[in-house]
Amino acid sequence: MNSVKIEDLRKKYGSVNALDGLNITVESGSVFGFLGPNGAGKTTTLRILAGLAQADSGSIFFGEQNITKSGTAQKDRLGYLPEEPAFYAWMSPREYLDYVGKIFKLDAKERRQRVDQLLEQSGLKEAAKRHIGGFSRGMRQRLGIAQALMNHPSILLLDEPVSALDPAGRKEVLEMIESLGRECTVIMSSHILADVERVCDTVGIINKGKLITQAKKEDLMDRYAIPALELTTGNGSAAQMPEWKLRLEKLPGVTGVTVEGYSFHLAVKDVHTAQQEIMQDALAHNTTFEKLEVVKPSLEDIFMQLTGSQK
Amino acid sequence: MNFMTALNKEFLEQRRTRKFLIALVVLVLFGMTSPLMAKMIPQIMTLVPGGEAFAGLIPDPTINDAVAQYIKNVTQFGVLLALVFSMGAMAVEKDKGTAAMILSKPMPRGSFLLAKFASLALTFIIAVVIAGVAAYYYTYFLFGELNILNWLTLNGLIILYLLVYVAITLLYSTLTRTQYVAIGLSFGTLIVLGILGGLPGFGSNFPDALISDASMIMSGTPVTHWTGLWVSLGIIILSLGAAWLAFRKQEL
């Protein structure tokens, strides 16, 4: 297992600063959640780590070794899954995994065992001899994860690993990623904050190519423990919810509103003031609700607060 | 060595995607039919309405006509296949993302690129060799014996000629992200090299000289000027070198 250290990484595309002095340290054996809005620089960072793009300046260390300019040498210990994994349509998953095993110079016996194991683990055993060209996006994603694990990587880079999966597949893959933290260092980017919250022990939030914050998930929750309320409206209020949301957003004590089913999740400045404002608003507009309770802030609240994605 | 791993995969791809079969069928078909066509031209002319008058004007076909027909057919269709097979070799892999998947692993970019050239070269070598055997067999029965050493040299020059265009198209395929741009540029280069090769005196320094060298060898005329061969080898090496230099820095 290796730790990963990124120092002052910079990358420009034309006049756009994709990475603007990014600094990240990922401890050995941790599952690191890499968060940021679209265009924040997550994919660029992972592509540089995977050796598919070059930084303009800065350094990358795997353990003690500076791998910034080490060519293919560091790739022996890497596993990489891009956001949209692409395969040779004419190959079967068994052939593809075998090909990857050969690239990692695994001997024939080891390759066969590992391929069988990964096909089983990724739920592709039944489709092992089918052409990948006929696979669904979810099947490709699972094959993508399998190929990233072929060499028992010490560092695993996953770019949106569950974005194409159905709920059951997502659950399985997230459990797998969680368990991998014991075997290797995982860096996972995702825009699904609930997934990061569920499997990652450390979280880094970047925006405009810079690290905004990085901490253990629990520390982050404590540090940015912004008060939050949950307002449950009940089934009959669906039609009123859009208008109600607009009213809630205008309340002085409320800093952010998200809708989840029949509930509003409210980031607030002060719990008591916000509670009073919400109840007064409900009375004034003759609106009823089932429940108004204080809740623990979610990673989404923190993310929205830090990236300025709120009102 | 990862070059062999990549080469095995590339050659398997040539077979699975039928490129190998197409090259084999097209070139062998022309190898077989070229001597036949040379032999049958006078008879074919008599079948065309009004063609009887011309049939008498056509001299009796010779072994040189069969060889000329073979060289013309195999190089023309061979170059077309070389361009079509090579145009997407790099561009499609970069565009689809399959190259990124493989090159994030310990596969050197040089091996990845060279394996593509080597597998295409292997396809054309095998196809031309079998086409050459077929053409030799039919020519032997229809016209008589050919000098085997000269025949081998002729086919070697044809292969080299085709590989020039494989290498050039691979370079364009590496420099662009679209296979259609690559084949367009290759066609342009084919035309330019063809024009340059047709210039009196100067033309013998270009790849087209390989074709005229091949004809001269078969007709028993000694070739004294091998510049075209060295230039062709140079173009192959330079194209592959330039493709590697460009590919090594490319972002995937």
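Residues numbered from 1 in each chain as written. Chains lettered and ligands numbered in written order. Predicted model: local features only at pLDDT ≥ 70, side-chain atom pairs only at ≥ 80, totals over all residues.

1. Description of the overall build of chain A
The helix and strand inventory of chain A stands at 10 helices and 14 strands. Seen through its C-alpha atoms, chain A measures out along the principal axes to roughly 75 × 45 × 35 Å. Put simply, chain A has 311 residues, and 41% of those count as buried. Contacts spanning at least 24 positions in sequence make up 71% of the contacts within chain A whose residues lie at least 6 apart. (Helix = DSSP H or I, 4+ residues; strand = E, 2+ residues; numbered from the N terminus. Buried ≥ 20, exposed ≤ 12 C-beta atoms within 10 Å, placed from the backbone. Contact = placed C-beta atoms within 7 Å.)

2. Re the sheet that holds strand β8 (residues 185-189) of chain A
Hydrogen bonds between backbone atoms are what pair the strands of a sheet, whose relative direction is either parallel or antiparallel. Residues and elements named next belong to chain A. Taken in spatial order, the six strands of this open sheet run β6-β7-β8-β3-β9-β10, and their pairing is mixed. The outermost strands of the open sheet, each flanked by one partner alone, are β6 (78-81) and β10 (210-216). The average undirected angle you get between the axes of adjacent strands in this sheet is 15 degrees. Where strand β7 (residues 155-159) meets β8, five bridges bridge the pair, whose relative direction is parallel. Residue Leu157 lies in a different strand from β8, and its bridge partner there is Ile187. (Pairing = 2+ DSSP bridges. Axes fitted to C-alpha atoms, helices over the stretch in contact; angles between N-to-C directions.)

3. A few points about the nonpolar core
Ranked by internal contacts, the top residues of the largest apolar core, which has 141 residues, are Leu157 and Val186 of chain A together with Val166 and Ala167 of chain B. For this core, the leading source of residues is helix α8 (residues 148-175) of chain B, giving 15 residues. Each of domain 1 (4-216) and domain 2 (228-307) of chain A contributes no fewer than three residues to this core. Beyond its immediate sequence surroundings of up to four residues, Leu157 of chain A is in contact with Leu46, Leu49, Ala50, Leu78, Gly79, Tyr80, Leu81 and Ile187 of chain A. Of all hydrophobic cores here, the second largest spans 13 residues; its members include Leu231, Leu248, Val257 and Ala267 of chain A. (Core = buried A, V, L, I, M, F, W, Y, C linked by C-beta atoms within 7 Å. Domains from an automatic or database assignment.)

4. Considerations on the interface of chain B and chain A
As a measure of interface size, the accessible area lost when the parts come together is often cited. Contact with chain B, which involves 19 residues of that partner, is made by 21 residues of chain A. Per-element accounting of the side of chain B that touches chain A gives the leading share, five residues, to helix α1 (residues 2-16) of chain B. Across the side of chain B that touches chain A, the residue classes break down as seven nonpolar, six polar and six charged. (Nonpolar A, V, L, I, M, F, W, Y, C, P; charged D, E, K, R; others polar.)

5. Remarks on the packing of α8 of chain B against helix α10 (residues 209-218) of chain B
Residues and elements named next belong to chain B. Running from amino to carboxyl end, α8 crosses α10 at an angle of 175 degrees, the nearest separation of the two axes being 9 Å. In terms of orientation, α8 and α10 fall into the roughly antiparallel class. Facing Asn150, Thr153, Leu154, Leu157, Ile158, Leu160 and Tyr161 of α8, the residues of α10 in contact are Leu210, Ile211, Asp213, Ala214, Ile217 and Met218. Considering only residue class, the contact of α8 with α10 consists of 10 nonpolar, two polar and one charged. (Parallel < 35°, antiparallel > 145°, perpendicular 65-115°, else oblique.)

6. Regarding unusual backbone geometry
If you check the backbone angles, Asn286 of chain A has positive phi at about 55 degrees while not being a glycine. Examined against the element boundaries, Asn286 of chain A turns out to sit in the loop between α9 (271-284) and β14 (291-295). One non-glycine residue with positive phi stands out, namely Arg18 of chain B, at about 70 degrees. Topologically, Arg18 of chain B is positioned in the loop between α1 and α2 (19-47). The exposure class of Arg18 of chain B is exposed, given the 12 C-beta atoms found within 10 Å.

7. Quick notes on the environment of Ser3 of chain A
Residue and element names in this part refer to chain A. Structurally, Ser3 can be placed in the segment before β1 (4-13). Sequence separation between Ser3 and Glu27 is 24 residues, and the spatial gap between their C-alpha atoms is 4.8 Å. Residues contacting Ser3, with those up to four places away along its chain left out, are Val26, Glu27, Ser28, Gly63 and Thr185.

8. So, the confidence of the model for chain B
Across chain B, pLDDT averages 91, with 97% of residues at or above 70. The ipTM assigned to the predicted complex is 0.88, against a pTM of 0.83. (pLDDT = per-residue confidence, 0-100.)

9. Quick look at the domain arrangement of chain A
Residues and elements named next belong to chain A. In terms of domains, chain A is made up of domain 1 (4-216) and domain 2 (228-307). The interface of domain 1 with domain 2 comprises 10 residues on the first partner and six residues on the second. At the level of elements, α6 (193-199), β9 (202-207) and β10 are the ones that each hand at least two residues to the side of domain 1 that touches domain 2. A breakdown of the residues in the side of domain 1 that touches domain 2 according to their chemical character gives seven nonpolar, two polar and one charged.

10. With respect to the sheet that holds strand β2 (residues 16-26) of chain A
Residues and elements named next belong to chain A. Here four strands make up an open sheet; going across it, the order is β2-β1-β4-β5 and the pairing antiparallel. Pairing within the sheet leaves two strands with one partner each, and these edge strands are β2 and β5 (65-66). Of the strand pairs in this sheet, β1 and strand β4 (residues 57-62) are connected by five bridges, and their pairing is antiparallel. Residue pairing for β4: Lys5 is matched across the bridge by Phe61.

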